[in-house]
Amino acid sequence: MNYARFITAASASRRPSPIRVLTEILSRAPKSVISLATGSPNPNMFPFKTAVITIKNGKTIQFDEETMKRALQYSQSAGIPELLSWLKQLQVKLHNPPTLHYPPSQGQMDICVTTGSQEGLCKVFEMLINRGDNILLNEPVYSGTLEALHPLGCNMINVSSDEYGMIPDALKEILSRWKPEDSKDPEKNTPKFLYTVPNGNNPAGTSLTSDRKKEIYELARKYDFLIIEDDPYYFLQFNKPWAPTFLSMDTDGRVIRADSFSKVLSSGLRIGFITGPKPLIERVVLHTQVSTLHPSTFTQLMVSQLLHQWGEEGFLAHIERVIDYYRKQKDALLAAADKWLSGLAEWHAPTAGMFVWIKIKGISDVKQLIEEKAIKKEILMVPGNAFYIDSSAPSPYFRASFSLASPEQMDIAFQRLAQLIKESI
């Protein structure tokens, strides 16, 4: 893989921050080293002393005085070592990336912790996108991604999708505008990457099948583009077995994978992680060195202690409990939809995630209904136009989340919505 051709001039010109490098050296140095180098504040001047955090199983995470001093201090830009090693073992267990033992320059699997996966993705986008670059994605798309991409000035090419995600034949048709060898000619502007949420796509709730992923990966090889696998709902898949990931089939080192703990451990702790080829992950870390410096040391230590206490088996047992909860929530929302919206709307049962994507029949644009009339009836949903490249275009869809509301509240919400639809048709 020629990674240099994917990287922007700004990303290519990033150099290691000397002070950040010293911070990393100091973190590995023996206690006998006298440091007059870094501008790390003296932790004895911080007002926080100790902390005890109780887990739901009754056990605790304890920050004694020494641990607290570390938790409140600067740390490595890529993440604290014990969390990185745990996450690397998890990725090997779940995905067994073919690139694990590749030479670093040839795309060896690397990993870094980010302040939520969204921060990591923004840095990946800024590493790869020049104004005017072509990128591939499938509408509807998470609005946060669209708003991250729009200012970068790329051409977003929509690939048609259905209830099983992106359609490989539609991707083939778009790619037929180019010849495979065009990727070697910058003037041809072949697509630089394909962005996809393969499980429980937000908002549509669709998941790519294993066969479709294989077809898409082969097209990526043929036309030499990267795949950004944004998978925040990987741990919220309702059906077993889970489909193999793009990372698990990445023999070339062309997949950048974003994972998140937001849906299963905490959204407020802001812990995500990016896995991908070392030459690209290194660029993301160089960006971190001069932006956020590093993810929160405190939250990393907290999550790391929890994961080490649980072990992989304990973590996956927790995931099963989370899935069971969201499966029941999903079933409750679908039951309310069947009861009140049958004949008025149509939808597919989501395979993962937290959302149902609903199309109202007989109304070409539901924006006013959802944003004005529904709010007056004290029900909140997201109108579908927010998830399209052209958000001004009319959309008959809206997104309903089943994460927070009780089954009784879902039932009341859809009863009120049904009445509004009948009044509006």
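Residues numbered from 1 in each chain as written. Predicted model: local features only at pLDDT ≥ 70, side-chain atom pairs only at ≥ 80, totals over all residues. Heavy atoms only, no water.

Describing the overall build of the chain
Reasoning step 1: Helix and strand counts for the chain come out as twelve helices and 15 strands.
Reasoning step 2: Relative to its length of 425 residues, the chain is compact, with a C-alpha radius of gyration of 23 Å against a globular reference of 22 Å.
Reasoning step 3: With respect to the three principal axes, the spread of C-alpha positions in the chain is 75 × 60 × 35 Å.
Reasoning step 4: Across the 425 residues of the chain, 53% fall into the buried class. (Helix = DSSP H or I, 4+ residues; strand = E, 2+ residues; numbered from the N terminus. Rg over C-alpha atoms; globule rule 2.2 N^0.38 Å. Buried < 20%, exposed > 50% of the residue type's maximum accessible area, 1.4 Å probe, protein only.)

Quick notes on unusual backbone geometry
Reasoning step 1: For the bond from Asn202 to Pro203, the omega torsion is 25 degrees, close enough to zero to count as cis.
Reasoning step 2: As for its placement among the helices and strands, Pro203 is situated in the loop between β8 (193-196) and α8 (210-223).
Reasoning step 3: With an omega of -5 degrees, the peptide bond between Lys240 and Pro241 qualifies as cis.
Reasoning step 4: With respect to the element layout, Pro241 can be found in the loop between β9 (226-230) and β10 (255-260).
Reasoning step 5: Non-glycine residue Asn189 carries a positive phi angle of around 50 degrees.
Reasoning step 6: Summarising the element assignment, Asn189 is placed in the loop between α7 (168-175) and β8.
Reasoning step 7: The phi angle at Glu378 is positive, at roughly 65 degrees, despite the residue not being glycine.
Reasoning step 8: Residue position: Glu378 is located in the loop between α11 (367-376) and β14 (382-383).
Reasoning step 9: What makes Glu378 exposed here is its relative accessible area of 67%.

Remarks on the environment of Asp338
Reasoning step 1: Along the chain, Asp338 turns up in helix α10 (residues 297-341).
Reasoning step 2: Judged by its relative accessible area of 46%, Asp338 falls in the partly exposed class.
Reasoning step 3: Each C-alpha atom of the pair Asp338 and Asn138 lies 28 Å from the other, and the pair is 200 residues apart in sequence.

Notes on the sheet that holds strand β5 (residues 155-158)
Paired through their backbone hydrogen bonds, the strands of a sheet run either parallel or antiparallel.
Reasoning step 1: Spatial ordering of the open sheet is given by β3-β11-β10-β9-β8-β4-β5, a layout of seven strands whose pairing is mixed. The open sheet has two free edges, formed respectively by β3 (109-114) and β5, since each of these has just one partner strand. When strand polarity is set aside, the average angle formed by the axes of neighbouring strands in this sheet is 20 degrees.
Reasoning step 2: Judged from the four bridges that link them, strand β4 (residues 134-137) and β5 form a sheet pairing that is parallel. (Pairing = 2+ DSSP bridges. Axes fitted to C-alpha atoms, helices over the stretch in contact; angles between N-to-C directions.)

Quick word on the packing of aromatic side chains
Reasoning step 1: Scanning the model with the defined rule gives 16 aromatic pairs in all.
Reasoning step 2: Arranged with centres 6.1 Å apart and planes meeting at 85 degrees, the rings of Tyr233 and Phe355 form a pair that is edge-to-face. Pair noted here: Tyr233 is in the loop between β9 and β10 and Phe355 is in strand β13 (residues 355-360), with a separation of 122 residues, a long-range link.
Reasoning step 3: Judged by its relative accessible area of 4%, Tyr233 is buried.
Reasoning step 4: Phe355 gets classed as buried once you look at its relative accessible area, which sits at 7%.
Reasoning step 5: Centroid distance Tyr325 to Tyr326: 5.0 Å. Interplanar angle 80 degrees. Geometry classified as edge-to-face. (Phe/Tyr/Trp six-rings, centres within 6.5 Å; stacked < 30°, edge-to-face > 60°.)

Structural notes on the pairing of β9
Reasoning step 1: Burial runs high along β9: five of the five residues are buried.
Reasoning step 2: Of the two faces of β9, the one holding Leu226, Ile228 and Asp230 and the one holding Ile227 and Glu229 are both buried throughout.
Reasoning step 3: Strand direction decides the pairing type here: β8 and β9, joined by four bridges, are parallel. Each residue of the ladder has a partner; that of Thr196, found in β9, is Glu229.
Reasoning step 4: The parallel pair β8 and β9 is bridged by α8, and the resulting crossover is right-handed. (Right-handed = clockwise from strand over helix to strand, strands pointing away.)

What to know about the packing of α10 against helix α12 (residues 407-424)
Reasoning step 1: At a minimum axis distance of 9 Å, the contact between α10 and α12 shows a crossing angle of 30 degrees. By the angle between their directions, the pair α10 and α12 is classed as roughly parallel. When the axes of α10 and α12 are compared, the crossing they make is right-handed. For the pair formed by α10 and α12, the contact residues are Gln329, Ala332, Leu333, Ala336, Ala337, Lys339, Trp340 and Leu341 on the first element and Pro407, Met410, Asp411, Phe414, Gln415, Leu417, Ala418 and Ile421 on the second.
Reasoning step 2: Of the residues belonging to the contact of α10 with α12, the class tally is twelve nonpolar, two polar and two charged. (Parallel < 35°, antiparallel > 145°, perpendicular 65-115°, else oblique. Left-handed = near helix turned anticlockwise from the far one by under 90°. Contact = heavy atoms within 4.5 Å. Nonpolar A, V, L, I, M, F, W, Y, C, P; charged D, E, K, R; others polar.)

Brief notes about the side chain of Asp259
Reasoning step 1: Counting through the fold element by element, Asp259 comes out in strand β10.
Reasoning step 2: Residue class for Asp259 comes out buried when judged on its relative accessible area of 1%.
Reasoning step 3: A polar contact of 3.0 Å, which involves the side chain of Asp259, links it to the side chain of Gln91.
Reasoning step 4: Residue contacts for Asp259: discarding those within four places in its chain leaves Gln91, Ser117, Asp231, Gly272 and Phe273. (Polar contact = N/O pair within 3.5 Å; in protein donor to acceptor, adjacent residues only side chain to side chain.)

Quick notes on the sheet that holds β13
Reasoning step 1: Overall, antiparallel pairing links the four strands, which are arranged β12-β13-β15-β14 in an open sheet. Only two strands of the sheet have a single partner each, and these edge strands are β12 (345-347) and β14.
Reasoning step 2: The pairing of β13 with strand β15 (residues 397-401) spans five bridges and is classified as antiparallel. Across the sheet, Lys359 pairs through a bridge with Tyr397, a residue of β15.

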